[in-house]
Amino acid sequence: MDSLYLLIIILLALAVVDLVVGVSNDAVNFLHSAIGSKIARRSYIYMVAALGLIIGAMFSGGMMDVLRKGVFYPQHLYLDQLLIIFLSVMITDIILIDLFNTFGFPTSTTIAIVFEMMGAGLAIALIIVSGDNHEQLKMIDLINTEGALIILSGIVASIILAFVSGVLVQFVARMLFTFRYKGRFKLMFSIGGAISITAIFFLIFRKDTAFIDLLFATSNQMTELSMVWVLIGIFCVAFILFLVLSYVFHIDIPRVVVFFGTFTLALSFASNDLVNFIGIPLSALEGINVFKNSGAQDASSFLMDIWGNGQSNHVLGGNYYHLIYFIAGVIMVITLFTSRKLRSVTETEIYLGRQDAGYESFEPSHLSRILVWRFLKIYKKLRSGLPDVIIKGIASRYNRFVEVDIEPEPSAYFDTVRASVNLVVASILIAYGTYLKIPLSTTFVVFMVSMGTSLSDQAWGRESAVYRVSGVLSILGGWFITASIAFLGAFVIAIFIWWLEIYAVLILLVLIAIVLYRSTKYHQRVYLQQRELKQETSEQIENNIAAIIELGSERIRKHILESSKIYMLIIDGFVYENTKQLKETCVKAKFLDKLAKNTKNELFHRFSSLNIESFDFGHHFIQALGYLGELSNTLQEMAVPVYNHVENQHKGLSKSQKEDALLLLEEVTGFFNYLVHIEKDYKFESIPELIEKQKYILELIEELRKKQIKRIMDGVGKTRSSILLLECYAESKNMVLYAINLLKSQRDFYANARC
């Protein structure tokens, strides 16, 4: 009995952690459209979503739905067997979903929980069938073998249907409203907004019957006929309200739809998907409570047939359920406002669907290149077969820059029309799937609708298509990886707990703590790097010479300082054989290379928008950007081989070699410090003095190189480290040359631009 009390504490702790981890991933479903279209400040959007979460959590019912999905049959299991399944599911779910959160990948917590229960259930079923099976149970008595096939077919169907629906509806919406819709189409927006609000209410009616029952003060569910009349009434009221808001107060109707849709999806998420996070531990608490009240002494002989007659949400008695739901809602709200991983997942989906090119989170893959190439071939054939009048008509509806005064906000990732389509189409599909009792994932539907609208809205242009397609393919693959890892992980953990019992649980809790700590530390570093890249890309400055000079100078100075720091870490790590430090330099050098490419793209884009008079001195600007990239490439060429050398435990440098390397390090560091001083204050008249220092360093490198070759010829330095040291000398020489050329190009650009 004491162990059961310990399990209660463990299950409650796991429930809180799983709730935080799960909401950090699933929040993208209701935040994506509002944040992407920037209808308001992020804090206001969170407040609207938080209200939906709290209200939805209070109406969360059917907490035993996961057990009734046909994954396995709990009535044939004993309490100890069921607790093993529940613990395995919770532990696997926390580790798995946190892994996806760390890398910013949206996945389906519903699919994760279902396949985890299948894996753990199969493990226990095999143990029962192969052990002392007094009841003569067979696998079909414990596991529903058709469940996995039905769920997988529902997933595939929802993915395809959501994507195609997003493409078609967004195309129609853009043909109607164009990109230049602000202040126009008031009647059409009123009709479209009313349809959207009605569709969103349809989602509530289909998924949240408890909320509707309370709203209409009746204990019976609404009949189909009464629901139709209610929806007609909602449409009429919404249409009249939008007409007034549009014509009298000049309110942007799509913005209102996005606000309301965000609230509704948050409410629906909390009232339905809360089972994914606290349904398992709550079910375990119900089982333990019934066991205690029964007076039984042995959990291994207490059969769990307590949910057979509609006893869900009544086992604990009293108002415990409402208190639990409220606490869960509060935890979700706190997570909403504080979780950095939640932001990473949200930004991944937003960046895949944003209208303009810029920083890309994913590298192109071979498959993404093939798909883009195939699509372009099909597109060219279709275009060649259409009359010119149709092509010009469609192009005119997609023209974004004819009327500048009513152009959508440049800071938004996409406009409110697309955001409205995302919410409404996803709501209709989710509601219709619920009506047909088709197993689908909210995450799958919302994500694929968003990607479909992005494609239809021409957000995936030639400059970004391979990156976006690669990102979508990565996330699609991640979904099936979720199912596989969830199944196998829960299967293994269930056997591990069966073998070591409570000791296995304690070991796994320590493992969870380690995983969460390390993943959080890793995510903090990656998050800050990505924020820096994205912030630079989205930084708003005026497109004029003065602004570009100031921005370019700031980026170049920052790049040179970071290059000097990385160089120091490389040489110091090589001398003292510091593997951890050298590993860090590889990460920093790779990030600096990304930063250099990002800076080149951004500054080149801004420079290209200037007038033709800028052409005379533009080549100096292009040269400076080129040297910036060469500088970062040199660091990578040096960092990786040095790290591999030390990591492979090869022989280190001799005492004299260390002295030579440290001497060069001191001179190069001083050179870069002086270069930054010249660049910061625009003291380009001091460049000749810097050139003299450069000559001294080049002579020093040549002297050190000859000295090292002499060691090798004398047989003293015939080691891998000697060859690597010569390579470091060569790359150090390149760094100094690139740096001085970079400064000269900036000087020439600055001098000519100021004329």
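Residues numbered from 1 in each chain as written. Predicted model: local features only at pLDDT ≥ 70, side-chain atom pairs only at ≥ 80, totals over all residues. Heavy atoms only, no water.

## As for the overall build of the chain
Along the backbone of the chain there are 26 helices and zero strands. Counting the 755 residues in the chain, one finds 51% classified as buried. Contacts in the chain between residues far apart in sequence, at least 24 positions, make up 84% of those at least 6 positions apart. Carbon and sulfur atoms make up 62% of the accessible area of the chain, which totals about 34800 Å². (Helix = DSSP H or I, 4+ residues; strand = E, 2+ residues; numbered from the N terminus. Buried < 20%, exposed > 50% of the residue type's maximum accessible area, 1.4 Å probe, protein only. Contact = heavy atoms within 4.5 Å. Areas by Shrake-Rupley, 256 points an atom, 1.4 Å probe, with all protein chains shown as cover.)

## A closer look at the nonpolar core
Residues L14, L87, F447, W479 and I497 are the most contacted members of the largest nonpolar core, which totals 103 residues. In this view, I497 contacts I84, L87, S88, I91, A504, V505 and L508; residues no more than four positions away in its chain are not counted. Counting 50 residues, the second largest nonpolar core, distinct from the first, contains F591, L653, I687 and M735. (Core = buried A, V, L, I, M, F, W, Y, C linked by side-chain atoms within 4.5 Å.)

## Regarding a nonpolar patch on the surface
A contiguous nonpolar patch, built from L187, I191, I195, I240, V244, Y247, V248, F249 and I251 and spanning about 830 Å² of accessible area, is present on the exposed surface. Contributing elements (two or more residues each) for the nonpolar patch: α8 (186-207) and α10 (224-247). Along the chain, I195 turns up in helix α8. (Patch = residues over 30% accessible without salt bridge, like charges linked within 9 Å, V, L, I, M, F, W, Y side chains within 5 Å. Salt bridge = Lys/Arg side-chain N within 4 Å of Asp/Glu carboxyl O.)

## Considering the environment of R180
You can see R180 is positioned in the loop between α7 (147-177) and α8. For the pair R180 and N399, spaced 219 residues apart in sequence, the C-alpha separation works out to 8.1 Å.

## Side note on the packing of helix α12 (residues 275-294) against helix α13 (residues 320-338)
Between α12 and α13, whose axes approach to 12 Å, the crossing angle comes to 150°. One element, α12, and the other, α13, form an angle in the roughly antiparallel class. Helix-helix and strand crossings are classified by hand; for α12 and α13 the assignment is right-handed. Contacts from I278, L282 and E286 of α12 reach α13 at Y321, I324, Y325 and A328. Of the residues in the contact of α12 with α13, the class split is six nonpolar, no polar and one charged. (Axes fitted to C-alpha atoms, helices over the stretch in contact; angles between N-to-C directions. Parallel < 35°, antiparallel > 145°, perpendicular 65-115°, else oblique. Left-handed = near helix turned anticlockwise from the far one by under 90°. Nonpolar A, V, L, I, M, F, W, Y, C, P; charged D, E, K, R; others polar.)

## What to know about the pattern of salt bridges
Between side chains of opposite charge, pairing is possible as soon as their charged atoms come close. A full pass over the atoms with the stated rule returns ten salt bridges. Between R418 and D457 there is a salt bridge, with its nearest N and O atoms 3.0 Å apart. On the criterion of sequence distance, the pair formed by R418 in helix α17 (residues 416-435) and D457 in the loop between α18 (442-456) and α19 (465-500) is long-range, its members being 39 residues apart. For the pair R418 and D457, a shared accessibility class is recorded, and that class is buried. Where E667 meets K693, a salt bridge forms, and the shortest distance between an N and an O atom there is 3.7 Å. Here E667 is found in helix α24 (residues 655-680), whereas its partner K693 is found in helix α25 (residues 687-713), with 26 residues between them in sequence. Overall, E667 belongs to the buried group, its relative accessible area being 16%. Among the charged side chains, a salt-bridge network with shared partners connects R174, D415, R418 and D457.

## Focus: the environment of N644
Note that N644 resides in helix α23 (residues 615-647). Each C-alpha atom of the pair N644 and K583 lies 8.9 Å from the other, and the pair is 61 residues apart in sequence.

## Considerations on unusual backbone geometry
Of note in the backbone geometry, T178 takes a positive phi value of approximately 55° without being a glycine. Relative to the helices and strands, T178 resides in the loop between α7 and α8. For T178, a relative accessible area of 1% puts it in the buried group. You will see that E501, though not glycine, has its phi angle at about 55°, which is positive. Position of E501 among the secondary structure elements: in the loop between α19 and α20 (502-538). For E501, a relative accessible area of 54% puts it in the exposed group.

## Observations regarding the packing of helix α2 (residues 28-37) against helix α3 (residues 42-58)
Packing of α2 against α3 leaves a shortest axis separation of 10 Å and a crossing angle of 150°. By the angle class used here, α2 and α3 are roughly antiparallel. When you trace α2 past α3, the crossing you get is right-handed. Note on element contacts: α3 touches α2 through R42, I45, Y46, A49 and L53, opposite F30, L31, A34 and I35. In the contact of α2 with α3, the residues fall into eight nonpolar, no polar and one charged.

## A closer look at α24
The end-to-end C-alpha separation of α24 is 38 Å, in line with the 38 Å expected for 26 residues at 1.5 Å each. Downstream of α24 by one or two residues, Y682 has phi in the positive range, about 55°. (Expected span 1.5 Å × (residues − 1).)

## Regarding the packing of aromatic side chains
Under the definition given, this model contains 13 aromatic pairs. When the ring of F105 is compared with that of F362, the centres are 5.7 Å apart and the planes differ by 55°; the resulting orientation is tilted. Pair noted here: F105 is in the loop between α4 (79-102) and α5 (109-130) and F362 is in the loop between α14 (340-353) and α15 (366-385), with a separation of 257 residues, a long-range link. F362 gets classed as buried once you look at its relative accessible area, which sits at 12%. Considering the side-chain rings of Y351 and Y413, the 5.4 Å spacing of their centres and the 50° angle between planes classify their relative orientation as tilted. Residue Y351 is located in helix α14, and its partner Y413 is located in the loop between α16 (388-397) and α17; the two are separated by 62 residues in the primary sequence. Accessibility assignment for this pair places Y351 and Y413 in one class, buried. Cluster of aromatic residues (ring-pair linked, three or more members): F444, F447 and W479. In this arrangement the basic side chain of R41 is found over the ring face of Y44, its NZ or CZ atom lying 5.5 Å from the centre. Over the face of the ring belonging to F179 we find R174, whose NZ or CZ atom lies 3.8 Å from the ring centre. (Phe/Tyr/Trp six-rings, centres within 6.5 Å; stacked < 30°, edge-to-face > 60°. Lys NZ or Arg CZ within 6 Å of the ring centre and 35° of its normal.)

## Remarks on the environment of A299
Mapping A299 onto the fold places it in the loop between α12 and α13. Between the C-alpha atom of A299 and that of L79, which follows or precedes it by 220 residues, the distance is 5.3 Å. Sequence-distant contacts of A299, that is, excluding residues within four places in its chain, are made with Y78, L79, D80 and F291.

## With respect to α2
Most of α2 is tucked away: ten of the ten residues are buried. Of the residues making up α2, those classed as buried are V28, N29, F30, L31, H32, S33, A34, I35, G36 and S37.

## A short note on the confidence of the model for the chain
For the chain, mean pLDDT is 80; residues scoring 70 or higher make up 81% of the total. Note on residues 217-221: pLDDT under 50 across the span, and five contacts to partners over four residues away in sequence or across chains. In this model, residues 537-542 is a region of pLDDT below 50 whose contacts with residues beyond four sequence positions or in other chains number 13 contacts. (pLDDT = per-residue confidence, 0-100.)

## A closer look at the side chain of S420
Of note, S420 is situated in helix α17. Judged by relative accessible area, which is 8%, S420 ranks as buried. Within the structure, S420 has its side chain in polar contact with the backbone oxygen of T416 (distance 2.8 Å). Apart from residues no more than four positions distant in its own chain, S420 is found in contact with P254, V257 and V258. (Polar contact = N/O pair within 3.5 Å; in protein donor to acceptor, adjacent residues only side chain to side chain.)

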